[in-house]
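Residue-level structural notes
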Amino acid sequence: MPNLAVIGHPVAHSRSPAMQTAALSGLGLAGEWSYGALDVAPADFEAILAELAAAGEYAGVNVTVPHKEAALAMADEATEAARAIGAANTLSFRDGLIVAANTDAGGLLRSLPESLAVSRDMGNGEPDGMRRALVLGAGGAARAAIWALATGEEPDGPQWIPPFAVDVWNRTAERAEGVAAELAAEPVADPTAADYALIVNTTAVGLAGEDPFEHLPLGAESFRPGQVVVDMVYGEEPSPLLAAAAAAGATTVDGLEMLVQQGALSLQIWTGEEPSIEAMRSAVRL
Ligand code: ATR
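Just so you know, these numbers come straight off a predicted model, no measurement behind them. (Residues numbered from 1 in each chain as written. Predicted model: local features only at pLDDT ≥ 70, side-chain atom pairs only at ≥ 80, totals over all residues. Heavy atoms only, no water.)

What follows concerns helix α1 (residues 16-26). Side chains that are three or four residues apart share a direction in an α-helix, a result of its 3.6 residues per turn. Among the residues of α1, Ser16, Pro17, Met19, Gln20, Ala23 and Leu24 are the ones counted as buried. Buried residues in α1, looked at end-on, bunch into an arc of 165 degrees, giving them a common side. Buried residues along α1 sit in contact with β1 (3-8), β2 (34-39), β3 (58-63), α10 (255-271) and α11 (277-284). After α1 finishes, the residue glycine 28 shows a positive phi value of roughly 75 degrees. (Buried < 20%, exposed > 50% of the residue type's maximum accessible area, 1.4 Å probe, protein only. Helix = DSSP H or I, 4+ residues; strand = E, 2+ residues; numbered from the N terminus. Arc of directions from axis to C-beta. Contact = heavy atoms within 4.5 Å.)

If you want it as structure tokens, here you go:
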């Protein structure tokens, strides 16, 4: 029976087991596959991962905070996205080898609303000039977002997301400069929110109930209709950032939608099947 799990520290709060179990049930695979959670301290990560990969009972794992960089370092093979981002959230065990992918990048692109996609049909293709995106933060989540947005979605469907010109703001400016130089983005010290088609908050601001407008270079009044605002922070209620964006007429995407989309891409890598996004959404929003 192929097992799957999310490995993190701590991991008890993770919604991935409920979400992935619902997805497996929807695919009719719940009897065959299982998805659990493994709390592994950083000091034990390497040994436990090597054991899981060698034992043959696990098909793969999702990896979350704080192990995503270590997961890539342990991999025998890795996708271009995982290498560019410098972190992996999805590992597959194949014949004792560890194969790394990063579905946070694709998950972000898939969570974006249709208003940001363009048709690949003749005529109504590329928007005039590159649209601009602002990424707030310079940690691991920011790297995945910057890479995804600067790369765009692989154009294999009728609709696709063309690459954005990406600006990066971070509280510690030097980190924004370093990440931007590495990932084809531009550092920005004092962004004007209205300039951006898309704003993505990857910082931890809001997680502990902080006022985002005190800590981020945005005002509650800075959003506009037609804009898309993504906040990776999630909780029971819409974050104050998303509440302000919605009140100004912007389209909002929360961290749970990203969790669902990255999880669906991971499950597709392991099982080869496309799970029901609706089943996964209802499992995480319970
Ligand atoms: P992750 O891998 O989840 O992105 P991380 O590497 O710890 O986590 O990064 C956290 C991000 O949130 C950083 O960009 C951090 O800014 P600094 O580089 O200046 O530390 C940002 N962050 C955390 N608390 C913040 C706050 N109160 N105000 C602004 N940014 C904050």
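Still more ground to cover, so stick around.
Looking now at the nonpolar core. Formed by 35 residues in total, the largest nonpolar core has its most connected members in Leu112, Leu116, Ile146, Leu149, Phe164, Leu198 and Val230. Of all the secondary-structure elements, those providing two or more residues to this core are α4 (80-85), α5 (103-111), β8 (132-136), α6 (140-151), β10 (165-169), α7 (173-182), β12 (198-201) and β13 (228-231). Here this core takes seven residues from α6, the largest share from any one element. Among residues more than four places away in sequence, those in contact with isoleucine 146 are Val135, Val166, Val168, Val179, Leu183 and Ala185. Ala5, Val61, Met74 and Leu91 belong to the second-largest nonpolar core, a separate cluster that totals 20 residues. (Core = buried A, V, L, I, M, F, W, Y, C linked by side-chain atoms within 4.5 Å.)

The subject of this paragraph is the site of the ligand. Of all residues adjacent to the ligand, which total 13 residues, the nearest are Gly140, Asn170, Arg171, Thr172 and Arg175. Between the ligand and alanine 138 there is a distance of 3.0 Å, counted from an oxygen atom to a backbone nitrogen or oxygen. Between the ligand and arginine 175 there is a distance of 2.7 Å, counted from an oxygen atom to a side-chain nitrogen or oxygen. With respect to the detected pockets, the ligand is housed in the largest pocket. Here the shell around the ligand is composed, by residue class, of four nonpolar, seven polar and two charged. (Near = heavy atom within 4 Å. Polar contact = N/O pair within 3.5 Å; in protein donor to acceptor, adjacent residues only side chain to side chain. 1 Å grid on protein atoms, 1.4 Å probe; cavity = no way out; pocket = protein on both sides within 12 Å on 5 of 7 lines; lining within 4 Å. Sits in = over half its atoms within 2 Å of the grid points. Nonpolar A, V, L, I, M, F, W, Y, C, P; charged D, E, K, R; others polar.)

What follows deals with the sheet that holds β12. Within the open sheet, the six strands sit side by side as β11-β10-β8-β12-β13-β14. Their pairing is parallel. The sheet is open, and its two borders are formed by β11 (186-187) and β14 (251-254), each paired with just one other strand. Pairing analysis gives five bridges linking β8 to β10, with the strands arranged parallel. Of the residues in β10, the one forming a bridge with valine 135 is valine 168. (Pairing = 2+ DSSP bridges.)

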